Structures are given as C-alpha cells and as structure tokens.
Amino acid sequence: MTRTVSIIGTRGYPSYYGGFETLVRRLAPYLAEQGWQVNVYGRPGGLCTEDANRDSRVRSIVTPGIETKSLSTLSYGLTSTVHALTDRPDVALVMNVANGFWLPLLRARGIPTVVNVDGVEWEREKWGKGARSMFKAGGYLTGKFATSLIYDSKELGLRWREYCGRDGIFIPYGGDLKNNGPIIDGLSRRKYVLMVARFVPENTIGPFLAAARVLSQTWQVVIVGSSGYGGDLERQVKDLAESNSNVRWYGHLSNDDLLFSLWENAGAYFHGHSVGGTNPALVQAMACGAPIVARDTRYNREVLGDNAVFVEPHPTKIVDAVHNLINDGDRQEELSAGAAQRAKDEYTWELVCANYELALSDHLDR
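Model, not experiment: these values are computed from the prediction.

Colleague: So what exactly am I meant to see when it comes to the sheet that holds strand S5 (residues 113–116) here?
Modeller: Strand-to-strand pairing in sheets goes through backbone hydrogen bonds, with the strands running parallel or antiparallel. With parallel pairing, seven strands are arranged side by side in an open sheet as S3-S2-S1-S4-S5-S6-S7. Every other strand in the sheet has two partners, leaving strand S3 (59–62) and strand S7 (169–170) as the edge strands with one partner each. Here strand S4 (residues 91–95) pairs with S5 via four bridges, running parallel. In the strand pairing of S5, valine 94 is matched with valine 115. Taken strand by strand, helix H1 (residues 19–33) contacts strand S1 (3–8), strand S2 (36–42), S4 and S5, and its axis lies near 155° from that of S2.

If you want it as structure tokens, here you go:
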C-alpha cells in the first residue's frame, strides 16, 4: 500500500530559496526512494524546473497566492492546505508556524500533521508589530492543533516547551561533506572573509557591513545573499560592493558547487544568525570545513560546540576576531577539521531524512 505525504509551506520542489527548500530537496527524493508518494506544494516562479537533479517521482503542485512579504506564507499556505484537503494524504509535513492557522482544517479532515516550527518567528526583527502578532497567533495554534512538533535544535525545543507546554522531536538540518572544490577565480585560499545570509537585522548584517569596511582594507570580503524584497540592507551591500574592489557580492546563489567552494576555501566564515535553531547554512559551512567566527548565541554554541570563535555582535569585535583567525593558519585548520568532523558525526542528511521518515511513519496507523 502506497504511503502519501504532502509537504506544505515551502517554495516547492526543487527550489533553492532557503533552509526549508534545502531540506525538501533532500527529503522528498529520500521518501520517494522508501516507497512514499510525495507531494510538494510550491509557488509560481519559485521552482527550478530545469534542475538536472530533480527526482521525477516527486509530485510538484503549484497553487496561487499573494506574493508580498507579509502575505505570501499565509496565502500560499491556505491554497496548499485547501488542495491537500481534497487530495487527502496519509500525513502532512507542514513548515512554518504561520501555517498554524490552517491546521484545524487538516485536523477536521482527519489528516495528521507534523509541523517543523522553524524558530521563534515572532522574535525576528524583520517583522513589524502586525506580522509578529500574526506569527505568535500561528504559534499558539500550532501548539494547539499540530499532531506532532519538530524542533531543529534542542535549545529551540526548550523554548517551545516553555511557550506551549509540548515536547517535540529533535531533527536538525544536514550538510554535504566538502568536495575539494576549486578556489574561485581571484580569491586566495584562507585569505578572504565570507558571509552567507539573508539580509535581515537578526542576522547581524549591519554590524558585519561596518566590520567589512575595515576588513576590506586588508582582506577580500565575499558576501552571498539578499533580502528577497530589496530594502535598505540590500542597498548598503550593493553600494559597498560597487565602491570597493575588495568586496564581492554574489546575491542569492543556487549553484551549490560555487557556494560550497566559497565555504571550503574561506579564511573566516562569519555566521551572524541570532534567532532560530540549527541554521542550515551553518551546518553546511561546517561540513565544508570553513573556519567559523560566529555570533555568540546558545543556538550557535549548541551546533558548533568548541569548533568556532564566538563574538558579540559589534563591528570591532568582528574585525578583531576575523583578523586574528586569518592570521593564524594553525587555528584555521584546527577549527576547520573540528567543524567538519562534528558535521560528519551529528549533522548528515542521511540521519536527518531517516528521522523525518520515522516521525511521519509514526502517524500512519493513528
């Protein structure tokens, strides 16, 4: 008998937008290989339909929505949910607590839901007061109506237990081990600073840009990412790259080989994420053996252990940490080897996907 799972709340399959999409690119083919019928809901224009790695066994379903910063997740989540009510899968894997508003519909239809809560979304600085209230309400409904919860870090699980009184399943993100990629033209191995992030305040973009103006006087600075919606931070990055020949901005990269090579050969990878749990970019940077300078948070310490330099989110602190690391080749290789080994031991896609299948399978006989 075929088991059916519908994945709701991402930009679709295959897509390269963010962490959820990276997870789906790994998980959907894995589940198909285990005999599942996999339906992935997505958005128009969000899919890489010509991706050579696309698994034809995965059913990609595009539904309509409103493409704005505040309404996209809600609107696409609603139309995906309505479609799933008709399709009636055995279980739904739902991403993002904004979709908590639609969980009562799935429950009424008898569809069990496994919800990846992502982070504490209402604490993110990028959202205004209205959006934060919406996410908090979605979080409340998620805690009330989800059949099971998935937390991508243990620390995040503690926060959610305090918030809604529910335990969940710990499943982090995975990474691909480094593949000895070439050094990108014009860069020197272990002699450039790298940042990979979405341009939102909670990712320490402002302090890093201030630090980059100083660091670029000595080292090359490489920035990967965008806001997705323009805005002041993206303008600042654009202006910095256009006015400084030592600064490169690649925008959003969907070429994994290029991105992994940038991590693998970096002199210091700055990871400034301050909210959420296990960050997918951080895990992949570890798997690539990047020497890491990370913002000092309990989430980053959980993932990295002792395999990073931890700093406060101030430009001078970032400058000092990066300078010291790039000037210390032995320390770079020590952190590189330690991070890669930790990723290999605890953050592999095989382990992540197997645990997701166990979580989904647990609901088939309910």
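So much for the structure itself; the text now carries on.
Colleague: Help me understand the packing of aromatic side chains, please; the structure alone is not making it clear to me.
Modeller: Working definition: an aromatic ring pair is given by the centre-to-centre distance plus the angle between the planes. Using the criterion set out here, one finds seven aromatic pairs in the structure. Between tryptophan 160 and tyrosine 163, the ring centres sit 5.6 Å apart and the planes meet at 80°, which makes this aromatic pair edge-to-face. Of this pair, tryptophan 160 and tyrosine 163 both sit in helix H5 (residues 154–164), three residues apart, which is roughly one turn of the helix. For tryptophan 160, a relative accessible area of 1% corresponds to the buried category.

Colleague: How do you make sense of helix H7 (residues 232–243) when you look at a structure like this?
Modeller: Helical geometry note: an α-helix holds 3.6 residues per turn, so side chains three or four residues apart project in the same direction. In a regular helix each residue adds 1.5 Å, so twelve residues correspond to 16 Å; H7 covers 16 Å between its end C-alpha atoms and thus fits that length. The set of residues buried in H7 consists of Leu233, Glu234, Val237 and Leu240. Relative to the axis of H7, the buried residues are bounded by an arc of 125° and lie together on one face. Turned more than 90 degrees away from the buried face of H7 sit Arg235, Glu242 and Ser243, all of them exposed. In this structure, the buried residues of H7 make contact with helix H6 (205–215), strand S9 (220–224) and strand S10 (247–249).

Colleague: For this particular structure, what's the right way to read unusual backbone geometry?
Modeller: Trans peptide bonds make up the majority, and among non-glycine residues the majority have a negative phi. The omega torsion of the bond from tyrosine 13 to proline 14 falls at -10°, within 30 degrees of zero and hence cis. With a phi angle near 55°, arginine 88 is a residue other than glycine that sits in the positive phi range. Its location among the elements puts arginine 88 in the loop between helix H2 (72–87) and S4. In this structure, arginine 190 takes a positive phi of about 65° despite not being glycine. Residue position: arginine 190 is located in the loop between S7 and strand S8 (192–196). A relative accessible area of 6% means that arginine 190 is categorised as buried.

Colleague: Looking at this structure, how should I read the sheet that holds strand S13 (residues 309–311)?
Modeller: Spatial ordering of the open sheet is given by S10-S9-S8-S11-S12-S13, a layout of six strands whose pairing is parallel. Unpaired on one side and paired on the other, S10 and S13 mark the two borders of the sheet. Here the strands of the sheet are splayed against their neighbours by 20° on average, with no regard to which way each runs. Note: S8 against S9, five bridges, orientation parallel. Along S9, the bridge assignment pairs valine 193 with valine 221.

Colleague: Looking at this model, I keep getting lost on the nonpolar core. Mind explaining?
Modeller: In summary, soluble globular proteins display a tendency toward joint burial of nonpolar side chains. One finds Leu194, Leu262, Trp263, Tyr269, Met286 and Ile292 to be the most contacted residues of the largest nonpolar core, which totals 32 residues. Listed by contribution, the elements that provide at least two residues to this core are S8, S9, helix H8 (256–265), helix H9 (280–287), strand S12 (292–295), helix H10 (298–304) and helix H12 (329–346). No other element matches H9, which puts six residues into this core. Among the nonpolar cores identified, the runner-up in size contains 29 residues, and Leu85, Leu103, Phe135 and Phe145 belong to it.

Colleague: Before we go on, may I ask you to explain a nonpolar patch on the surface in this structure?
Modeller: Together, Leu78, Val82 and Leu105 make up a nonpolar patch on the protein surface, roughly 210 Å² of accessible area in all. Residue placement: leucine 78 occurs in helix H2. You can call leucine 78 partly exposed: its relative accessible area is 32%.

Colleague: What is the right way to look at H8 in this model?
Modeller: Summarising burial for H8: eight of the ten residues are buried, a large majority. Of all the positions in H8, only Leu258, Leu259, Phe260, Ser261, Leu262, Trp263, Glu264 and Asn265 are classed as buried. Taken together, the buried residues of H8 touch S8, S9, strand S11 (268–271) and H9. The N-capping residue of H8, defined by a side-chain oxygen 3.1 Å from the backbone nitrogen of aspartate 257, is asparagine 255.

Colleague: Quick question: what am I supposed to make of the pattern of salt bridges here?
Modeller: In a structure, side chains of opposite charge can pair up when their charged atoms sit close to one another. The full count for this structure, using the stated rule, is 13 salt bridges. Ionic pairing is found between arginine 57 and aspartate 55, a salt bridge with its closest N-O pair at 2.7 Å. Assessed through its relative accessible area of 12%, aspartate 55 is described here as buried. Taking the shortest distance from any N to any O, the salt bridge between arginine 161 and aspartate 167 comes out at 2.3 Å. The exposure class assigned to arginine 161 is partly exposed, which follows from its relative accessible area of 37%. Where salt bridges share partners, they join Glu33, Asp55 and Arg57 into one cluster.

Conventions and cut-offs
- Residues numbered from 1 in each chain as written.
- Predicted model: local features only at pLDDT ≥ 70, side-chain atom pairs only at ≥ 80, totals over all residues.
- Heavy atoms only, no water.
- Pairing = 2+ DSSP bridges.
- Helix = DSSP H or I, 4+ residues; strand = E, 2+ residues; numbered from the N terminus.
- Contact = heavy atoms within 4.5 Å.
- Axes fitted to C-alpha atoms, helices over the stretch in contact; angles between N-to-C directions.
- Phe/Tyr/Trp six-rings, centres within 6.5 Å; stacked < 30°, edge-to-face > 60°.
- Buried < 20%, exposed > 50% of the residue type's maximum accessible area, 1.4 Å probe, protein only.
- Expected span 1.5 Å × (residues − 1).
- Arc of directions from axis to C-beta.
- Core = buried A, V, L, I, M, F, W, Y, C linked by side-chain atoms within 4.5 Å.
- Patch = residues over 30% accessible without salt bridge, like charges linked within 9 Å, V, L, I, M, F, W, Y side chains within 5 Å.
- Areas by Shrake-Rupley, 256 points an atom, 1.4 Å probe, with all protein chains shown as cover.
- Salt bridge = Lys/Arg side-chain N within 4 Å of Asp/Glu carboxyl O.
- Polar contact = N/O pair within 3.5 Å; in protein donor to acceptor, adjacent residues only side chain to side chain.

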